[in-house]
Amino acid sequence: MSAAVAVKFDGLRLFAQPFDLCASGFYFDTFEEYKAKAAKHVNSYGQPVEEYEIDLIDGKALEIALFEAVKPNQSTLSAFFLAVDTWDDDELVRACIVYGDGLNTCQFDEYSPSDDVAQDLAIYENVTFTELAEQFVDDGLLGEIPEHLSHYIDCAAFGRDLSYDGYTEVDVAGTQYIYHAG
């Protein structure tokens with residue numbers, strides 16, 4: 001009797017679940033591996049399997065967030081892997097916001113982190129609305145405020161107003177962001 005060996009995986013792992021009830025799925029870690037396995041995958045009757053649901057098994061936090069935001073399918077899977085392999089964290093966060101909050105309705109394989117929608121986002125990391133309001137006051141967004149009047153500015157109320165004025169709070173991969181789509 002052999003003991004089950006637990007396999008620890010340290011990277012992006014996906015699963016292709018066939019829609020064909022007579023076929024079993026397969027795990028893959030790269031787009032090339034997916035293509036190779038899908039090309040020779042057959043059901044229990046020897047017929048080729050053509051359609052899959054792509055499921056996320058494991059990955060880094062931003063990879064998981066991007067997967068949840070773009071919901072890759074067979075036609076967008078190559079774009080998903082390209083993004084994960086080549087984009088920096090800022091580009092991944094922008095894509096998560098753009099697709100996760102529905103700011104971009106085009107299919108993910110047509111998206112680029114240099115798109116106007118992504119570039120027009122003003123993103124503030126790990127701040128509350130009140131802290132963002134304080135930052136705006138300090139940066140002079142309200143103009144020059146005389147020192148004797150600066151204590152009368154209610155940054156909590158200003159922060160609440162920001163939340164009603166197109167600023168949105170979102171969690172991406174466990175990090176809080178506030179963004180404004182320009």
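Because the structure is predicted, anything quoted here is derived from the model rather than measured.

Q: Is there a simple way to think about the sheet that holds strand β1 (residues 13-18) in this case?
A: The strands making up a sheet are joined through hydrogen bonds of the backbone, oriented either antiparallel or parallel. As summarised here, the arrangement of the 3 strands in space is β2-β1-β3, forming an open sheet in which the pairing is antiparallel. Two strands in the sheet have a free side with no partner beyond their single neighbour: β2 (26-28) and β3 (52-58). Taking the axes of each pair of neighbouring strands and ignoring which way they run, one obtains an average angle of 30 degrees across the sheet. Where β1 and β2 come together, 3 bridges link them in antiparallel fashion.

Q: Would you explain the environment of Tyr-45 in this entry?
A: Relative to the helices and strands, Tyr-45 resides in the loop between α1 (31-39) and β3. On a C-alpha basis, the gap between Tyr-45 and Ala-23 in space is 8.7 Å, while along the polypeptide they are 22 residues apart.

Q: Got a minute to help me understand the packing of helix α6 (residues 129-138) against helix α7 (residues 155-164) in this structure?
A: Packed helix pairs are characterised by how far apart their axes lie and by the angle those axes make with each other. Closest axis-to-axis distance for the α6/α7 pair is 7 Å, and the angle between their directions is 105 degrees. Classed by the angle they form, the pair α6 and α7 counts as roughly perpendicular. Contact residues: α6 offers Phe-129, Thr-130, Leu-132, Ala-133, Glu-134, Phe-136 and Val-137, while α7 offers Cys-155, Ala-156, Phe-158, Gly-159, Leu-162 and Ser-163. Taken together, the residues of the contact of α6 with α7 sort by class into 9 nonpolar, 3 polar and 1 charged.

Q: Quick question: what am I supposed to make of α6 here?
A: Working note: α-helix, 3.6 residues per turn, so residues spaced by three or four point in the same direction. Inspection of α6 places Phe-129, Leu-132, Ala-133, Phe-136 and Val-137 among the buried residues, and these make up the whole buried set. The buried residues of α6 occupy an angular sector of 140 degrees when the element is viewed end-on, so they sit on one face. If you follow the buried residues of α6, they end up packed against β4 (121-125), α7, β5 (167-172) and β6 (175-181). One or two positions beyond α6, positive phi appears at Gly-140, with a value near 85 degrees.

Q: Would you explain the packing of aromatic side chains in this entry?
A: Any pair of aromatic rings gets described here by the distance separating the centres and the angle formed by the planes. Applying the stated criterion to the full structure yields 14 aromatic pairs. Centre to centre, the rings of Phe-67 and Phe-80 are 5.7 Å apart; their planes meet at 80 degrees, and the pair counts as edge-to-face. Of this pair, Phe-67 sits in helix α2 (residues 61-70) while Phe-80 sits in helix α3 (residues 77-86), placing them 13 residues apart in sequence. The class of Phe-67 is buried, set by a relative accessible area of 11%.

Basis of the calculations
- Residues numbered from 1 in each chain as written.
- Predicted model: local features only at pLDDT ≥ 70, side-chain atom pairs only at ≥ 80, totals over all residues.
- Heavy atoms only, no water.
- Pairing = 2+ DSSP bridges.
- Helix = DSSP H or I, 4+ residues; strand = E, 2+ residues; numbered from the N terminus.
- Axes fitted to C-alpha atoms, helices over the stretch in contact; angles between N-to-C directions.
- Parallel < 35°, antiparallel > 145°, perpendicular 65-115°, else oblique.
- Contact = heavy atoms within 4.5 Å.
- Nonpolar A, V, L, I, M, F, W, Y, C, P; charged D, E, K, R; others polar.
- Buried < 20%, exposed > 50% of the residue type's maximum accessible area, 1.4 Å probe, protein only.
- Arc of directions from axis to C-beta.
- Phe/Tyr/Trp six-rings, centres within 6.5 Å; stacked < 30°, edge-to-face > 60°.

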